[in-house]
Each structure stands twice: as structure tokens, then as C-alpha cells.
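This is what each chain is made of:
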Amino acid sequence: MKRKSIIIISIISALLISSSLLWRFFPVKVLQDIDSEMITSIKVVNSSNGNQFEITDQDDISKFISSIQKVTFKKKEVASVPGPWYQLDFMNKNEEVVSSLEIQNYRSVRYKFFLDNAIFLYSDEEMNEICDYLQQIEAIHFPDYNKDPDFPYDEAGK
């Protein structure tokens, strides 16, 4: 009897370990469940300087969402890193937040996946196009905006 319980516990432990490893290393695509047609605006906040603006052009929203959906991320850790560079809230026609995404730097995002739980995701593919687009829109709304070459801090020495 004792031998059977040891075998069962070993099997359960092996399943838990293998499923957690599989979850950890399985690639992630963010915002896959969002159809760009249901998003009417993207509210953007630059946390480093407090600038806030909104993207409302449907073509820009579609292009932006499809660009983010193409990037493949890897899970890094449960998100506990303070303050994102850009915080994005994807709003529907009822002005409700459909999803949120926080861009940390050119390769990292913090993605809220359940209530207040979030995970820190890292991409080998750079998100230069996405980040540059956000900086261009911010420069249009805030003409005195100066791109800080030292922020966001990038792990690759960007």
C-alpha cells in the first residue's frame, strides 16, 4: 500500500513539474483574443513624464494591434517591476477597458492576464516599430516632448 502511494505521488509530482515547465517555456502572443474592429481607441500614458494621449484612427488601431499580435514573447517572471514606459488601455465603444498592456522597453512588456495578476514577457524580436510609433504620436500631441536616449532602459544595451 505504501509503495502505491509513493508511485502515485511521484506521478503527480512529475506531471506538475512538466506542466509548469511547459507553461514557462511555451511562447506567448499577446492580444490574440482582441479583434481590432471592436477597439475604438487606445489610451496611452507615458509613465516617465505623465503625457497622456489617445489613438482613435481605426486604421492606426488596426495596424498597431496587428503589429503587437505578430511579436512572439517568452514568459520571464510574474510582473513585479515598477512603472512601465507606456501603459496602453484598449477601449471598446462603451469606453470599457478590453485589455491592458504595459510596454517596459523595446523588448519587454507586462501583460495583465487575470484580474490584477500580470506576467513579464520578453521578446527576442525587437518592438522598435511599435515603440517608435508611440513616440511619434506623443511628439505630435506634445511638441516639447524630447526622446530620452537613456530611457527606457533596455537589457540589450539599446
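From a predicted model like this one, the values you see are computed outputs, not experimental measurements.

Here the focus is the confidence of the model for the chain. Low pLDDT marks regions whose predicted coordinates should not be analysed in detail. Counting all residues, the mean pLDDT for the chain is 80, and 82% of those residues have values of 70 or more. Segment residues 153–158: pLDDT under 50, and 12 contacts once partners within four positions in sequence are set aside and those in other chains are kept.

Here the focus is the packing of aromatic side chains. One pass over the full model with this rule turns up 3 aromatic pairs. On the numbers, 5.8 Å between centres and 40° between planes, the contact of Phe 64 with Tyr 133 is tilted. In this pair, Phe 64 sits in helix α2 (residues 58–70) while Tyr 133 sits in helix α3 (residues 128–141), placing the two residues 69 residues apart along the sequence. Of the two residues, Phe 64 and Tyr 133, neither departs from the other in class, the shared state being buried. Judged by centre distance (5.5 Å) and plane angle (55°), the ring pair of Trp 85 and Tyr 106 falls under tilted.

What follows deals with the pattern of salt bridges. Between side chains of opposite charge, pairing is possible as soon as their charged atoms come close. Using the criterion set out here, one finds 2 salt bridges in the structure. With a closest N to O distance of 3.6 Å, Lys 43 and Glu 95 form a salt bridge. Here the residue Lys 43 occupies a position in strand β1 (residues 41–46), and Glu 95 occupies one in the loop between β4 (86–91) and β5 (97–103), the gap between them amounting to 52 residues. Owing to a relative accessible area of 44%, Glu 95 belongs among the partly exposed residues under this scheme. Between Glu 102 and Arg 110 there is a salt bridge, with its nearest N and O atoms 3.2 Å apart. Across the pair, Arg 110 and Glu 102 agree in class, each one buried.

Below, the discussion takes up the environment of Phe 90. Residue placement: Phe 90 occurs in strand β4. When the C-alpha atoms of Phe 90 and Leu 31 are compared, they prove to be 9.8 Å apart, with 59 residues separating the residues in sequence. Excluding residues within four positions of it along the chain, Phe 90 makes contact with Leu 31, Ile 39, Ser 41, Ile 42, Phe 64, Ile 65, Ile 68, Glu 96, Val 97, Val 98, Ser 99 and Leu 101.

As a further point, take the nonpolar core. Within the largest apolar cluster, 32 residues are counted, with the highest numbers of intra-cluster contacts made by Leu 88, Phe 90 and Ile 103. Looking at this core, the elements that each hand over two or more residues are β1, β2 (52–55), α2, β4, β5, β6 (108–114), β7 (117–122) and α3. Of all the elements, α3 adds the most residues to this core, at 5 residues.

Topologically, Phe 53 is positioned in strand β2. For the pair Phe 53 and Lys 43, spaced 10 residues apart in sequence, the C-alpha to C-alpha distance is 6.1 Å. Those residues in contact with Phe 53, other than ones at most four positions away along the chain, are Ile 42, Lys 43, Val 44, Tyr 86, Leu 134, Ile 137, Glu 138, His 141 and Phe 142.

Reading guide: rules and limits
- Residues numbered from 1 in each chain as written.
- Predicted model: local features only at pLDDT ≥ 70, side-chain atom pairs only at ≥ 80, totals over all residues.
- Heavy atoms only, no water.
- pLDDT = per-residue confidence, 0-100.
- Contact = heavy atoms within 4.5 Å.
- Phe/Tyr/Trp six-rings, centres within 6.5 Å; stacked < 30°, edge-to-face > 60°.
- Helix = DSSP H or I, 4+ residues; strand = E, 2+ residues; numbered from the N terminus.
- Buried < 20%, exposed > 50% of the residue type's maximum accessible area, 1.4 Å probe, protein only.
- Salt bridge = Lys/Arg side-chain N within 4 Å of Asp/Glu carboxyl O.
- Core = buried A, V, L, I, M, F, W, Y, C linked by side-chain atoms within 4.5 Å.

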